[in-house]
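Chain residues, written in single-letter form:
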Amino acid sequence: MIDKATYQALGLTDDEYEAIVELLGRHPNELEVAMYSVMWSEHCSYKSSKVHLRRLPTTAPWVLVGPGEGAGVIDIGDDLAIAVRIESHNHPSAIEPYQGAATGVGGIIRDIFSMGARPIALMDPLRFGSLDDARTRYLVEGVVAGISGYGNSVGVPTVGGELVFDDCYRENPLVNVFCLGILPKSRLVFARAEGVGNLAVLLGSATGRDGIGGASVLASAGFDDSSATKRPSVQVGDPFEEKRLIEACLELLDEGLALGVQDLGAAGLSCAAAETAAATGAGMDVDFTQVPQREPNMNPIEIMTSESQERMLAIVTPENLDRVLALCARWEVRANVVGHVTDTGRFRIFSGSFTGNDPADMSRCVADIPCASLGQGPVYERPQARPLDHAEVLLADPAPELLAMFPDGTDLSGELLRLLSTPTIGDSSWVWRQYDHQLFLNTVVGPGGDATVLRLPDTERGLALSVDGKARFCRLDPNTGARLGVLEAARNVACSGAEPRALVNCLNFGNPEHPEVMWQFSQAVDGMSEACSALGIPVIGGNVSFYNESRGADIDPTPVVGVIGVIDSLAAPPPGMAFSPGEHVVTLGTTLGEFGGSEWAYVVHGIDGGSPPVADLDAARYLHGLIRDLVSRRVVSAVHDVSDGGYGVALAEMAIAGGVGASLIPEDDQSHAAWCFSESASRIVVTVPPEKLSEVLTAAADAKVAARDCGTTGGTRLIVNGVFDVAVSDLATTWRSAVPLALGVNE
Amino acid sequence: MARRVAVVVFPGTNCELDVARAISSLGAHTESVFHLEDSLGSAEAVIIPGGFAHGDYLRTGALAQFSPIMESVSAFAAAGGPVLGICNGFQILTETGLLPGALQKNAGLKFLCASVGLSVASNRSVLTRTTTVGDQLQIPINHFEGNYICDRETLAQMKANDQIVLRYTDNPNGSLDDIAGVSNEAGNVVGLMPHPERASAEILGSVDGLVLLESFLAPL
Amino acid sequence: MKFLARVEVGHQAGILDPQGATVQRALPALGYENISEVKIGKSIRLVIEANSESDAREQIEKMCEHLLTNPVIETYEISLVELTGDAAENSAGE
């Protein structure tokens, strides 16, 4: 019998332990309780978030697989499907940045090819504390090197991401990773153990002691200094093993030799085996002595719950076994039969008595539980509370203070340069130049643009991808902030002419046992749900990461979304953001004096509080429709989404990209500072050749979008009359050196 | 022109499909040859594409030289057949001894994926024979170990024999003498760090890579 | 006979060692002003059965020439310790 101290140390509550006893009709043994503790952990069971996630819209005619499987899958026509997933690897990366990030990449790639899809793109939304801290700089270098080292070597290009700095992440960086795969619809498979007598074949690395009770328990408890002592359980990634696994598994599926393959993730082999059987209501017997071990003298708990990387479980028929083994040998992938499918509905683990289909020798049985029970963890509706000072925070509008400091007539050139020198806004190419972002020859627009654009081989179509999160807005108001994140990702995708088809989310939050955090979570889910419904985007998958905190302080609520859009005809690259001379600069959308949570108010001037910008869902829909139309018809020459730092930064980035200036007049019904640096949502800057100007303005009026011709491009300076006047070369130097300077690296 | 091109695939190779796609766009046919095979069949040209053969463990390209197929590649090269090593393929050819020198970590100690400017330094090689010395090309690089090095005598010899095929116009990795690609003495074996297949379509931003691949396929 | 062999792989004289140079630049920042040279190489450890120490050394030299090192840029140094008793049984040489 297990004592209280043991199950509590594994993270199980008294009630949860009692539930296990009830399910089994007896006390669990040590191995059984170890499996339940991992599978019923927050990380694996979603026990605090489940009741809220049900409110997200998840269906559309093109959705083939929604949330709950290894990855979400959508039909994109031409018998092709796209599989997508996003995950967090926050806590492992805080402890060991290189391996934490690397194994995050490895894990998500396995989720994608386990659906039968070839992984073709990775994106990495990254959030760190301020770079004035030496440990943060070490984390940034390590995480980027880990993504680069693993992603490049495994042969999946990293085509985009985010790089955001805010001190709330100082000891708890957010390392999210998004992966997209492509598959012929006919190859779509599910991890299901079908057919009594079929074999469970373990593929890939030998099993070591890494990550035992590690990743899942780590991600399901408060995070503090003592976490560093968990270092020995850090998993180490081997991208070369993974590359061979990808090729072997896809070939197994192509040749119809595997009925399904499943990644070994949390709780390792025990979970993978039980889950595949639970999916069909079958049972599974496993002999742990058949598992290849990397270290001598491992006990059954270690073998069955190890989270060693680069392992998959394939279900194959006995007739196909020889061909499976031969195929794996060709790819130098280790393959061992470790179990077989039964009709018992039970997951049983044996010690050395694995005898094919002979009656099992129950005296050698070391664990015996209902397969489905691992997935039947508790569901909690945790208490929520709106923070007491929330109303006060919303009312603390930074606008009066800022406008008093910078009345019309003030030269804002210095303010613009200060914004461009912040590492969140500055050029992030120091990061993505370390990523292979071109492999497979699909990358039409790589990192650094509004959205990544990939062409789809053998079709005329393309994909547009964007990952975004607006955490500071969420801190002020989680509902609005979550809406704004969805709008920004959808707007970026629309800027390349794409129609959004699916969204995945990675919900990074603090401690769910804090009622304020659960309130933030619930509000953010509602905001996301409203925005997705309004734009007609189904949520096809996601990941929840709670307990992002250190020393008792929760991180800002950080829902990150990835939006996948489809471009029907991609004969040439979409316009891009670069100014070229002699064009009209036209702003689309409405500017209000909205500074709450803006880069200018918070980062440059340290003013906290206020309301986030209004998230008008109708206005967004009109704008996205308009820009899709203008871009598809190629009547605009350049397009850029307006986001952090407002028009000022958007215009500067367009000038830098083209090496061309502009001479513009500010809007007269707004203060100059608001026109420059307000972060009002749903705005885009386009440039238009003179002969197309009236066509664009008419199209905007028809679409109910405010459009204004601000002036023309040309020259070597970016000039907004009476507001700022800076040489494009100075803008470029400041913007390009922001991240390297903050990191203290030579470029 | 060479119609049948063998593309050698090691475990860990990842640019084989890209190379095949670029080569097919020029009207030639590619066949992938797994490293365990011992024959190149009827191939008229051989490409060793980029990637991380054998994980680049021990040293980039070190383990690949012992795969069965490399004996055939060496024999094919000795008989004057055109052999091209791109990136990891270049590293493999230097480890195998088919090309002089070695490639070590970039001077900046970071992986680098970026488009770079190249200048044709010799048009005596199979990769550049249809170009003119001084031609400028824009082609991506994608490597951690692309910093070319060799001893002084080898460099002098290569210069004397006109074996330096391509130079960077703005050295990104610390390569000796800005070297981006070299050939053997006969000019039929060439290795380069940049990826010509990544500059093979207007929609990808450059078609300069096709200039080199066309030359490689042109009749001897 | 069983030997534990260590192969220290270093850079040829005159070959730039950018990793060593970077660490050398970083050390003074931590207060170590007394460092004049840092070289970073690799160490390969293997357990080999051979008839004699010289036989073992000869075999490892061949491995170095053919695979373990790249003579164009690297040097190597071999050290051998004979394993006896338990150490020979376990072979791990820990």
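Draft legend 1. Layout of the overall build of chain B. Helix and strand content of chain B: five helices and 11 strands. The C-alpha radius of gyration computed for chain B amounts to 15 Å, which stays within 12% of the reference 17 Å derived for 220 residues, consistent with globular compactness. C-alpha atoms of chain B, sized along the principal axes, occupy 40 × 35 × 35 Å. Here chain B holds 220 residues, and the buried ones make up 62% of them.

Draft legend 2. How the structure looks around the interface of chain A and chain B. Between chain A and chain B, the residue contacts involve 23 residues of the former and 23 residues of the latter. Of all elements in the fold, only helix 8 (134-154) and helix 10 (239-254) of chain A reach the threshold of two or more residues within the side of chain A that touches chain B. The element that contributes the greatest number of residues to the side of chain A that touches chain B is helix 10 of chain A, accounting for four residues. Residue composition of the side of chain A that touches chain B, grouped by class: 10 nonpolar, seven polar and six charged.

Draft legend 3. Molecular detail of the interface of chain B and chain C. In this complex, chain B contributes 11 residues to the contact, which on the side of chain C involves eight residues. Broken down by class, the residue content of the side of chain B that touches chain C amounts to six nonpolar, two polar and three charged.

Draft legend 4. Representation of helix 20 (residues 515-535) of chain A in the model. Here helix 20 of chain A contains 21 residues, and its C-alpha end-to-end distance of 30 Å stays within 8% of the 30 Å for a straight helix at 1.5 Å per residue. Looking at the residues trailing helix 20 of chain A, positive phi occurs at A:G536, about 70 degrees.

Draft legend 5. Main features of the sheet that holds strand 4 (residues 83-86) of chain B. Residues and elements named next belong to chain B. Strand order in the open sheet formed by nine strands is 2-1-3-4-11-10-9-6-7, and the pairing between neighbours is mixed. Edge positions in the open sheet fall to strand 2 (29-34) and strand 7 (136-143), since each of these has one partner strand only. Within this sheet the neighbouring strands show an average axis-to-axis angle of 25 degrees, counted without direction. Judged from the three bridges that link them, strand 3 (residues 45-48) and strand 4 form a sheet pairing that is parallel. Note that in strand 4 the partner of V46 across the bridge is V83. Against the sheet, helix 1 (residues 16-24) touches strand 1 (4-9), strand 2, strand 3 and strand 4, its axis set at about 170 degrees to strand 1.

Draft legend 6. Representation of the pairing of strand 2 (residues 72-77) of chain A. Residues and elements named next belong to chain A. Relative to strand 2, strand 1 (residues 63-65) runs antiparallel, the two being bridged by two bridges. If you follow V63 over to strand 2, its bridge partner there is I74. Between strand 1 and strand 2, which pair antiparallel one after the other, the connecting turn spans six residues, and G68 there sits at a positive phi close to 115 degrees. Judged from the five bridges that link them, strand 2 and strand 3 (residues 80-88) form a sheet pairing that is antiparallel. In the sheet register, D75 faces strand 3, and the bridge partner there is A81.

How each quantity is defined
Residues numbered from 1 in each chain as written. Chains lettered and ligands numbered in written order. Predicted model: local features only at pLDDT ≥ 70, side-chain atom pairs only at ≥ 80, totals over all residues. Helix = DSSP H or I, 4+ residues; strand = E, 2+ residues; numbered from the N terminus. Rg over C-alpha atoms; globule rule 2.2 N^0.38 Å. Buried ≥ 20, exposed ≤ 12 C-beta atoms within 10 Å, placed from the backbone. Contact = placed C-beta atoms within 7 Å. Nonpolar A, V, L, I, M, F, W, Y, C, P; charged D, E, K, R; others polar. Expected span 1.5 Å × (residues − 1). Pairing = 2+ DSSP bridges. Axes fitted to C-alpha atoms, helices over the stretch in contact; angles between N-to-C directions.

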